[in-house]
Structures are given as C-alpha cells and as structure tokens.
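Residues per chain are reported as follows:
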Amino acid sequence: QQQVKQSPQSLIVQKGGISIINCAYENTAFDYFPWYQQFPGKGPALLIAIRPDVSEKKEGRFTISFNKSAKQFSLHIMDSQPGDSATYFCAASMARDDKIIFGKGTRLHILP
Amino acid sequence: EAGVTQSPTHLIKTRGQQVTLRCSPISGHTSVYWYQQALGLGLQFLLWYDEGEERNRGNFPPRFSGRQFPNYSSELNVNALELEDSALYLCASSIGANQPQHFGDGTRLSIL
C-alpha cells in the first residue's frame, strides 16, 4: 500500500513532442506528490509538485495532472527538448511520517 | 544560495568496515533526510531528523544510524558494511515537515 507505480520504464520522444509519464498509488493518506528530475552523477532535483486538492498544476513546459478518484497522476512535458533527457521520478508522501515514496523512475530520451 | 552539500563524493570500503557520511543542509532548513539509491532498488527512505531528533526511520537494519547536530548538519553511520550496501546515499533538507525536500548530489559508496 506504500507503493507508487510508475510507467513507462523508458521513453523516447522526438524533439518538440509531448512526453507523458504516469503514476498510480494506493494509499489515500498521501497528501503531497512531487516529481523529481535526475541527471547522471547528480542528485534528484525537485521539478514540480502538487497536493490532492488541485487537479492540475503547470510550471513552464511541465504540467502535473492529478486524478484523486482514480489515484493516478501524470507528468506532461510539452515541446520536449534534448536537455530534458534524464530520469524522472514520481513520488508521494504524507504529513505524518514525511518520508518520500518514490516510483521506480522513467528514463526519458529526447531525440534531436 | 548554496544547496545541500555532501561529503565525501566517493568512498570505497571493504566488508565489515564502518563508514560516516556527512551532510550540510540548505541554510534555514531544519529537517534532514537520508535516502539510499541502489541499483535495481530505486530510491528508499532511510532516516529523517528534525531539530536534532530522529523523527522517522525506514526499513533498514539498526547498523544504519545517524544524528543531527545543533547547526542542523547531519551524519549517517553504517556499521559492519555488507556488499549490498553499495549505493548512492542521498541527503535532502527541507524547512520543516511536509515541505519540499531538496537533495544533494550524494555520496557514492562502493563495498569491495
């Protein structure tokens, strides 16, 4: 019940296209859903985050869509660029224990 | 503003040895978190410290321990190292519970 399931494992998108990564969770006590971007040799960097009282959040080319009833959320990267090539992690946490549960990650490659 | 800093960046140890990893949080952050990123296992929560106290612990054996100092920096100690402890150890900090966590670039620990 503590899991966050992420798909796909890897994704190849043409430059200028839309990259979509999907995640699902079971525990309804989760109340914070961040997305992290990780480049090789670096730590994860917080990209964008959402709380369950909001159905969508947009920051630049990055959008989180959140479906509370389906217990699913997704990251959309519009106008994908080669510099977006990285591993993306969805995650979830709850206030009472503050630990982040991470998905397994998606390796995104944007073709130039 | 300086980010989360971790030292050392790389470390090689042998089975049975002990190791100490260090983390300095972002200025103004009082909470420090430790995560393990091992191949095939993803990112897993280890420990959370806030105001010098251990607040939560992940599913790791007692030979993983740590502490937080009055200046909010933190140490992670691992005793009796095993081969499966080879991983990237990541430290994150936040301004408090249930707030965005920001990661350092980690310490790469290799056990021979």
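Let us look at the structure shown here. (Residues numbered from 1 in each chain as written. Chains lettered and ligands numbered in written order. Predicted model: local features only at pLDDT ≥ 70, side-chain atom pairs only at ≥ 80, totals over all residues. Heavy atoms only, no water.)

### Examining the packing of aromatic side chains
Cut-off, in case you're wondering: Any two of the Phe, Tyr and Trp rings considered here, Trp counted by its six-membered ring, make a pair once their centres fall within 6.5 Å; the pair's planes then place it as stacked at under 30 degrees, edge-to-face at over 60, or tilted in between. By definition, any uninterrupted DSSP run of H or I lasting at least four residues is a helix, any uninterrupted run of E lasting at least two residues is a strand, and each is numbered from the N terminus. Throughout this description, buried means an accessible area under 20% of the type-specific maximum (1.4 Å probe, protein chains only), exposed means over 50%, and partly exposed covers the range between.
Counted according to the given criterion, the structure contains 18 aromatic pairs over all chains. Relative to Phe102(A), the ring of Phe89(A) lies with its centre 6.2 Å away and its plane at 85°, an arrangement referred to as edge-to-face. Remark: Phe102(A) occurs in strand β10 (residues 101-102) and Phe89(A) occurs in strand β9 (residues 86-92); sequence separation between them is 13 residues. The pair formed by Phe89(A) and Phe102(A) is uniform in burial state, with each residue classed as buried. Consider the rings of Phe102(A) and Tyr35(B), whose centres lie 5.7 Å apart with planes at 85°: the pair is edge-to-face. Of this pair, Phe102(A) sits in strand β10 while Tyr35(B) sits in strand β4 (residues 31-38), each in a different chain.

### Topic: the environment of Ser93(A)
Summarising the element assignment, Ser93(A) is placed in the loop between β9 and β10. In this structure the C-alpha to C-alpha distance between Ser93(A) and Phe33(A), which are 60 residues apart in sequence, comes to 6.6 Å.

### What about the sheet that holds strand β3 (residues 19-25) of chain A?
All names here are of chain A. So the rule is basically this: Pairing between strands is defined by DSSP: at least two bridges between them are needed. The convention used is that axes are lines fitted to C-alpha atoms, helices contributing only their stretch in contact, and that angles between N-to-C directions extend from 0 to 180 degrees.
Strand order in the open sheet formed by 5 strands is β1-β3-β8-β7-β6, and the pairing between neighbours is antiparallel. Edge positions in the sheet fall to β1 (4-7) and β6 (56-59), since each has one partner strand and no second. Between one strand axis and the next, the sheet turns through 15° on average, direction left out of account. Inspection of the sheet shows β6 paired to strand β7 (residues 62-67) by 4 bridges, in the antiparallel sense. Residue pairing for β7: Lys58 is matched across the bridge by Thr63.

### What about the pairing of strand β5 (residues 42-50) of chain B?
Residue and element names in this part refer to chain B. Extensive coverage of β5 is indicated by the burial of 8 of its 9 residues. Pairing of β4 with β5 involves 8 bridges; the strand directions are antiparallel. By the bridge assignment for β5, Ala38 is matched with Gly42. Connecting β4 to the antiparallel partner β5 that follows it, the hairpin turn spans 3 residues, and Gly40 within it adopts a positive phi of roughly 85°. Pairing of β5 with strand β6 (residues 53-57) involves 4 bridges; the strand directions are antiparallel. Across the sheet, the residue bridging to Trp48 is Asn56, located in β6.

### Some points on the state of the cysteines
In plain terms, the rule: Cysteine sulfur atoms that come within 2.5 Å of each other are treated as a disulfide pair.
Under the counting rule described, the total for this entry stands at 2 disulfides over all chains. Shown here is the disulfide that connects Cys23(A) with Cys90(A), its sulfur atoms set 1.9 Å apart. Classification of the bridge connecting Cys23(A) and Cys90(A) rests on its S-S torsion, roughly -100°, and on that basis the disulfide is left-handed. Residue Cys23(A) is located in strand β3, and its partner Cys90(A) is located in strand β9; the two are separated by 67 residues in the primary sequence. Overall, Cys90(A) belongs to the buried group, its relative accessible area being 0%. Each sulfur of the disulfide joining Cys23(B) and Cys91(B) lies 1.8 Å from the other. Between Cys23(B) and Cys91(B), the S-S torsion sits near -65°, and that sign places the bridge as left-handed. With Cys23(B) in strand β3 (residues 19-24) and Cys91(B) in strand β9 (residues 87-94), this pair connects stretches of sequence that are 68 residues apart. The burial state of Cys23(B) is the same as that of Cys91(B); both residues are buried.

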